[in-house]
Amino acid sequence: MMEKFVITVGRQFGSMGRPIAKKLAEKLGINYFDRDIVEEVAKRMNLPLSVVSKEEEAATSKFGKFGKMLFPLGKDTSELQDKIFEVQRCVIMDFIDKGSCILVGRCADYIARDCANLLRIYIYASFEERVKNCIQFLNMQENDALKMCRDVDRARSAYHKLYAGYDCMSAEVMDFMINSSTVGIDGTVSALELLVKQRFKDVLINS
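Residues numbered from 1 in each chain as written. Predicted model: local features only at pLDDT ≥ 70, side-chain atom pairs only at ≥ 80, totals over all residues. Heavy atoms only, no water.

Asker: Even after reading the chapter, I still don't get helix 9 (residues 184-199), so can you show me in this structure?
Answerer: Helical periodicity: at 3.6 residues per turn, an α-helix aligns residues three or four positions apart in one direction. Relative to the 22 Å expected for 16 residues at 1.5 Å per residue, helix 9 spans 22 Å between its end C-alpha atoms, a close match to the ideal helical length. Of all the residues in helix 9, the buried ones are Ile185, Thr188, Val189, Leu192, Glu193 and Val196. Down the axis of helix 9, the buried set is contained in an arc of 140°. They therefore lie on one face. The exposed set on the far side of helix 9, more than 90 degrees from its buried face, consists of Leu194 and Gln198. (Helix = DSSP H or I, 4+ residues; strand = E, 2+ residues; numbered from the N terminus. Expected span 1.5 Å × (residues − 1). Buried < 20%, exposed > 50% of the residue type's maximum accessible area, 1.4 Å probe, protein only. Arc of directions from axis to C-beta.)

This is the structure we're talking about:
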């Protein structure tokens, strides 16, 4: 069986972690999973996407398309929420079985913790830079950008602590953390590509 590797990407809102992860997957020629996870959870549970993504649903009314960037599976403890997380875990593991991949958010670093050839990356930036990114790249108004950077990070952190037991930007858990504002989106992608190729050189040689 061909060897594979798994990369999980956590990110602060506005750090441009999503486009960085997507470009990295393209550079490496591997699968990229992000919203696909939530959509597959909704499909398997035969639930509307709005139910699975209730935090998105609440945000969409105020922020339109930017609501989709809120942490998608909520933060309230409930029986349904626990079931959603369990299905999410199965979905992520099934996606991993398909081959080498990058998984964005969704507690993937925790769910994939026992996988061989795992690299857990966290992308961050200063609050000021993240607000600038929201305005420049996402065409958000400054007040909305300020609120989203605060609220989304708070929601992601609470959700991650609830199910993983640690903060999503814990330096003790992450294998590599990078400030995306240091060299920009493309520079960060290039740096991470070098890191991955060095980290998984034996896997890539044998693939």
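Structure's up, so let's keep going.
Asker: Is there a simple way to explain the side chain of serine 157 in this structure?
Answerer: For serine 157, the location among the structural elements is in helix 8 (residues 142-164). Serine 157 gets classed as buried once you look at its relative accessible area, which sits at 13%. Within polar-contact distance, the side chain of serine 157 engages the side chain of aspartate 167 at 2.5 Å. Not counting chain neighbours up to four residues away, the residues in contact with serine 157 comprise Asp167 and Cys168. (Polar contact = N/O pair within 3.5 Å; in protein donor to acceptor, adjacent residues only side chain to side chain. Contact = heavy atoms within 4.5 Å.)

Asker: Would you explain the pattern of salt bridges in this entry?
Answerer: Think of it this way: side chains of opposite charge can pair up when their charged atoms draw near. Following the criterion strictly, the structure yields 15 salt bridges and no others. Ionic pairing is found between aspartate 34 and arginine 106, a salt bridge with its closest N-O pair at 2.1 Å. A residue pair is termed long-range when its members are at least 10 positions apart, and aspartate 34 in the loop between strand 2 (31-33) and helix 2 (35-45) and arginine 106 in the loop between strand 3 (101-104) and helix 6 (108-111) qualify at 72 residues. Across the salt bridge formed by lysine 161 and aspartate 167, the nearest N and O atoms sit 3.8 Å from each other. One connected set of salt bridges, linked through shared partners, spans Arg18, Asp34 and Arg106. (Salt bridge = Lys/Arg side-chain N within 4 Å of Asp/Glu carboxyl O.)

Asker: What am I meant to see in helix 5 (residues 79-97) here?
Answerer: A rise of 1.5 Å per residue sets the reference length of helix 5, with its 19 residues, at 27 Å; its end C-alpha atoms lie 28 Å apart and thus fit the reference within 8%. The complete set of buried residues in helix 5 reads Gln81, Ile84, Phe85, Val87, Gln88, Val91, Ile92, Phe95 and Ile96.

Asker: I tried to follow the packing of aromatic side chains on my own but got confused; where do I start?
Answerer: Considering all chains together, one arrives at 6 aromatic pairs under this definition. Here the aromatic rings of phenylalanine 5 and phenylalanine 200 are separated by 4.7 Å at their centres, their planes lie at 15°, and the arrangement is stacked. Of this pair, phenylalanine 5 sits in the segment before strand 1 (6-11) while phenylalanine 200 sits in the loop between helix 9 and helix 10 (201-206), and the two are 195 residues apart along the sequence. The same class applies to phenylalanine 5 as to phenylalanine 200, namely buried. Through a chain of ring-to-ring contacts, three or more aromatic side chains come together here, namely Phe85, Tyr159 and Tyr163. The aromatic ring of tyrosine 110 is capped on one face by arginine 113, whose charged end is 4.0 Å from the ring centroid. (Phe/Tyr/Trp six-rings, centres within 6.5 Å; stacked < 30°, edge-to-face > 60°. Lys NZ or Arg CZ within 6 Å of the ring centre and 35° of its normal.)

Asker: I would appreciate a short explanation of the environment of cysteine 149 in the present structure.
Answerer: For cysteine 149, the location among the structural elements is in helix 8. C-alpha of cysteine 149 to C-alpha of valine 131: the two residues are 18 residues apart in sequence and 7.0 Å apart in space. The contact partners of cysteine 149, leaving out residues within four places of it in the chain, are Phe13, Phe127, Arg130, Val131 and Cys134.

Asker: Hey, could you run me through the sheet that holds strand 4 (residues 118-124) in this one?
Answerer: Taken together, 5 strands build an open sheet; the order of strands is 2-3-1-4-5 and the sheet is parallel. Because the sheet does not close on itself, it has two edges, and the strands there are strand 2 and strand 5 (176-179). Averaged over all neighbouring strand pairs, the angle between strand axes comes to 20°, with direction disregarded. Here 6 bridges tie strand 1 to strand 4, and the two strands are oriented parallel to one another. If you follow arginine 11 over to strand 4, its bridge partner there is isoleucine 123. (Pairing = 2+ DSSP bridges. Axes fitted to C-alpha atoms, helices over the stretch in contact; angles between N-to-C directions.)

Asker: In this structure, what is going on with the nonpolar core? I would like to understand it.
Answerer: Soluble globular proteins tend to bury their nonpolar side chains together. One finds Val6, Ile37, Ile92, Ile96 and Leu103 to be the most contacted residues of the largest nonpolar core, which totals 24 residues. Those elements that place two or more of their residues in this core are helix 2, helix 5, strand 3, helix 6 and helix 8. Sorting elements by how many residues they give to this core places helix 5 first, with 7 residues. Non-local contacts of isoleucine 96, meaning those with residues more than four positions away in its chain, are made with Lys4, Val6, Cys101, Leu103, Ala112 and Cys115. Residues Leu24, Ile102, Leu192 and Phe200 belong to the second largest nonpolar core, which totals 23 residues. (Core = buried A, V, L, I, M, F, W, Y, C linked by side-chain atoms within 4.5 Å.)

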